[in-house]
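The chain contents come next:
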Amino acid sequence: MLFLPAAALCCLCSALVAMAAQLHQEDLTLTRRSGGSISFSCRDTHQCGSYIYWYQKKQGGTFRVILGINKNNGNIAKGYNHPQENDFSSVNKGKDWELELKQVKVDHAASYYCTCWKSGYWYYIFGSGTELVVTDEPVLKPVVSVYPAASRGLEASGSLLCVASHMFPPRVRFSWKVQKEDGSWAKPSRPEEEQLELEESGRSASILLHGPQSSTAKYRCEVQHEGGAAEARTAQEVPAPAASCPPEREAAAPAALQPTDELPLDRDRDRDREQNPLEQQRVKLLCVCSTVLIVKSLVYCCGLSVLRILRTEPHLF
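Residues numbered from 1 in each chain as written. Predicted model: local features only at pLDDT ≥ 70, side-chain atom pairs only at ≥ 80, totals over all residues. Heavy atoms only, no water.

**Points about the sheet that holds strand 7 (residues 96–101)**
Note: strands within a sheet are paired through backbone hydrogen bonds, in either parallel or antiparallel orientation. Put simply, the rule is: When DSSP finds two or more bridges between a pair of strands, those strands are recorded as paired. Think of it this way: any DSSP run of H or I at least four residues long counts as a helix, any run of E at least two long counts as a strand, and we number them from the N terminus. Comment: axis = line fitted to C-alpha atoms, over the contacting stretch for helices; angle = value between 0 and 180 degrees taken between N-to-C directions.
One open sheet accounts for 3 strands, arranged 2-7-6; its pairing is antiparallel. The open sheet has two free edges, formed respectively by strand 2 (38–40) and strand 6 (88–93), since each of these has just one partner strand. For this sheet, the mean inter-axis angle between neighbouring strands, taken without regard to orientation, is 40°. As judged from the 6 bridges shared by strand 6 and strand 7, these two strands associate in the antiparallel manner. In the strand pairing of strand 7, Asn92 is matched with Trp97.

This is the structure:
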């Protein structure tokens, strides 16, 4: 039985190593009309062997390899029995060779992933994928808002909720920035700051968990989308959290807990939080955050236990 935790720890370490090296696909989505042309990019291929392989995954389907492209000369390797392999070709864009569709069809709508063998190692690395949306609908840029979320059950910590809505296609990528002392903006780097993302129909959300040392910082939420980048920031410093218990319904919200100027809320609306659907969504999101933190703690404790056993009783293995 002692082999099981050790094997789980090895699998976890292998996954972390694989995540450290990956290919970069800049486009989350690409929207085209039927009959148009398109090409899919794949960056950081210097860490690959000779060929970059492209996979197609349709909604509800499995990953299917389309073809391979020689990263040095663009030669194509076929023979993977994909029904649409003859629709694709390679095109040179600067220093890289991309996957090209000269005539987009409705049944080409899918997500496309680039992958390759990690040079010098024996495992695959993947890109994050680009979704091809075939439609006549226009691309709509998201509306982004930042709200302070109640830190229920998270003592001496706080959280910010960034919501992106009213966009098409619906896929977005979140990133948080914190303002430094010199006024510039940088990615959060403190160990107590973590990010979680959730999606639901018509909107996406990102939660930034920050510790008490970050309670006076100013944050900005940036959203990458096919229609262009959008951002929203906290109107003022994030207030230090009070007690872990939720405030009474009749208590007026302090001025420092106001959201951004894009969607202002007054104190009268704060008194009706329990009747506000948005407040219910915040509570659900924070419950998910707590669950993730608990799971991370369990994995960490299991790893420490295995290491201690290996040091004290190596003969068991």
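Don't stop here, the text continues.
**As for the packing of aromatic side chains**
The condition is simple: Under the pairing criterion, centres of Phe, Tyr and Trp rings, with the six-membered ring standing for Trp, must be within 6.5 Å; the plane angle then separates stacked pairs below 30 degrees from edge-to-face pairs above 60, leaving the rest tilted. Residue burial is assigned from relative accessible area. The probe radius is 1.4 Å, only protein chains are included, and a residue is buried under 20% of its type maximum, exposed over 50%, and partly exposed in between. In our convention, an over-ring charge means Lys NZ or Arg CZ found within 6 Å of a ring centre and within 35 degrees of that ring's normal.
Throughout the structure, instances matching the rule amount to 9 aromatic pairs. Ring centres of Phe88 and Tyr112 lie 5.8 Å apart, and the angle between their planes is 55°; this geometry places the pair in the tilted category. Placement of the pair is Phe88 in strand 6 and Tyr112 in strand 8 (residues 110–117), with a sequence separation of 24 residues. Each member of the pair, Phe88 as well as Tyr112, is classed as buried. Aromatic side chains Tyr124 and Phe126 sit 6.3 Å apart centroid to centroid with 55° between the ring planes, which places their arrangement in the tilted category. Residue Phe126 is classed as partly exposed on the basis of its relative accessible area of 36%. An aromatic cluster is defined as three or more aromatic residues linked by ring pairs; in this entry it consists of Phe40, Trp54, Phe88 and Tyr112. Sitting above the plane of the Phe63 ring, Lys57 keeps its charged end 5.9 Å from the centroid.

**Focus: the pattern of salt bridges**
To keep things clear, this is the line we draw: A pair is scored as a salt bridge if a Lys or Arg side-chain nitrogen falls within 4 Å of a carboxyl oxygen belonging to Asp or Glu.
One pass over the full model with this rule turns up 10 salt bridges. With its nearest N and O atoms 3.4 Å apart, the salt bridge here joins Glu222 to Lys177. A residue pair is termed long-range when its members are at least 10 positions apart, and Glu222 in strand 17 (residues 219–224) and Lys177 in strand 13 (residues 173–179) qualify at 45 residues. A relative accessible area of 17% places Lys177 in the buried class.

**As for the sheet that holds strand 12 (residues 158–165)**
Pairing is antiparallel across the open sheet formed by 4 strands, whose spatial order is 11-12-16-15. Whereas interior strands pair on both sides, the edge strands pair on one side only; in this sheet they are strand 11 (143–149) and strand 15 (194–200). This sheet shows a mean twist of 20° between the axes of neighbouring strands, independent of strand direction. Relative to strand 12, strand 11 is paired through 7 bridges, and the arrangement is antiparallel. Residue Val146 lies in a different strand from strand 12, and its bridge partner there is Cys162.

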